[in-house]
Structure formats: structure tokens, C-alpha cells
Amino acid sequence: MGKKIRYRQARMRRATGEGAAETTSWIPEQFAVVGGVVDLCDDGEWTRDWEVLSVSSDVLEEAPDWRKAIRGHRKQTGDALPRGRGS
């Protein structure tokens, strides 16, 4: 069995033609170094040269699954229930 990958949440910035873009993402702990530069993949599209601005002290043992989180939220709030007719 391979080594477990731990994840930290990082805030990052990348220069764009219009100025700069910022994002927050969970990245492997080995890359979560302030001042480091990483490449990110979103739905198969890679963007390069994100500078790590800050890193959270929180650690996850597996990458978060946003689909599961949305499903869980919908179940807890009732948003997953069918809507009544005429509403």
C-alpha cells in the first residue's frame, strides 16, 4: 500500500491578462508551502503558476469530495426533496 497523501487548504494567486485571480483549494501537503508555485487541475483543465499565499493548519487525510458535501447539505436542508406542484 502506498503512502497516504495528506491535504492542506491553501489560498493562491495567479497573474492573468486582466490582473490577478485568487482561489482557495485543498492541495497535497508536500506542495502547501507559502511562496511555492503549483499547477492546478479543474475538471481536466490545467492552469499553471499559482503562487501559494497562505496555508491552513487544518489537515485532511483524503481529498474532499465536493459532490458528497453538496448531497449531504441538500439532505440536511430538505433541498433534495421533490417540490410540490404549483409552488
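Residues numbered from 1 in each chain as written. Predicted model: local features only at pLDDT ≥ 70, side-chain atom pairs only at ≥ 80, totals over all residues. Heavy atoms only, no water.

## Description of the layout of surface pockets
So, point 1. Each pocket or cavity is described by its volume, and for the largest pocket that value is around 640 Å³.
So, point 2. Forming the boundary of the largest pocket are 22 residues, of which Ser-25, Trp-26, Leu-40, Cys-41 and Asp-42 lie nearest the centre.
So, point 3. At the level of secondary structure, the elements contributing two or more residues to the lining of the largest pocket comprise strand 2 (19-28), strand 3 (37-42) and strand 4 (45-60).
So, point 4. Partitioned by chemical class, the residues of the lining of the largest pocket number 13 nonpolar, 4 polar and 5 charged.
So, point 5. Here the second largest pocket defines a volume of roughly 170 Å³.
So, point 6. If you trace the second largest pocket, you find it lined by Lys-3, Lys-4, Ile-5, Arg-6, Pro-28, Glu-29 and Gln-30. (1 Å grid on protein atoms, 1.4 Å probe; cavity = no way out; pocket = protein on both sides within 12 Å on 5 of 7 lines; lining within 4 Å. Points joined across faces, edges and corners; volume = space filled by probe spheres on them. Helix = DSSP H or I, 4+ residues; strand = E, 2+ residues; numbered from the N terminus. Nonpolar A, V, L, I, M, F, W, Y, C, P; charged D, E, K, R; others polar.)

## A few points about the pairing of strand 3
Across a regular strand the side chains alternate sides, sitting on one face of the sheet and then on the other.
So, point 1. Looking at chain direction, strand 3 and strand 4 are connected through 5 bridges and run antiparallel. When the bridges of strand 4 are listed, Cys-41 appears paired with Trp-46. (Pairing = 2+ DSSP bridges.)

## Section: the pattern of salt bridges
So, point 1. A complete count under the given rule lists 6 salt bridges for this structure.
So, point 2. One salt bridge in this structure joins Glu-29 and Arg-6, with 3.1 Å as the shortest N-O distance. Highlighted residues: Glu-29 in the loop between strand 2 and strand 3 and Arg-6 in the segment before strand 1 (7-16), separated in sequence by 23 residues.
So, point 3. Residue Glu-29 is classed as partly exposed on the basis of its relative accessible area, which comes to 26%.
So, point 4. Here Glu-29 makes a salt bridge to Arg-8, at a shortest N to O gap of 2.9 Å. Taken together, the positions of Glu-29 in the loop between strand 2 and strand 3 and Arg-8 in strand 1 put the pair 21 residues apart, joining distant regions of the chain.
So, point 5. When salt bridges that share partners are traced, they join Arg-6, Arg-8, Glu-29 and Glu-61 into one network. (Salt bridge = Lys/Arg side-chain N within 4 Å of Asp/Glu carboxyl O. Buried < 20%, exposed > 50% of the residue type's maximum accessible area, 1.4 Å probe, protein only.)

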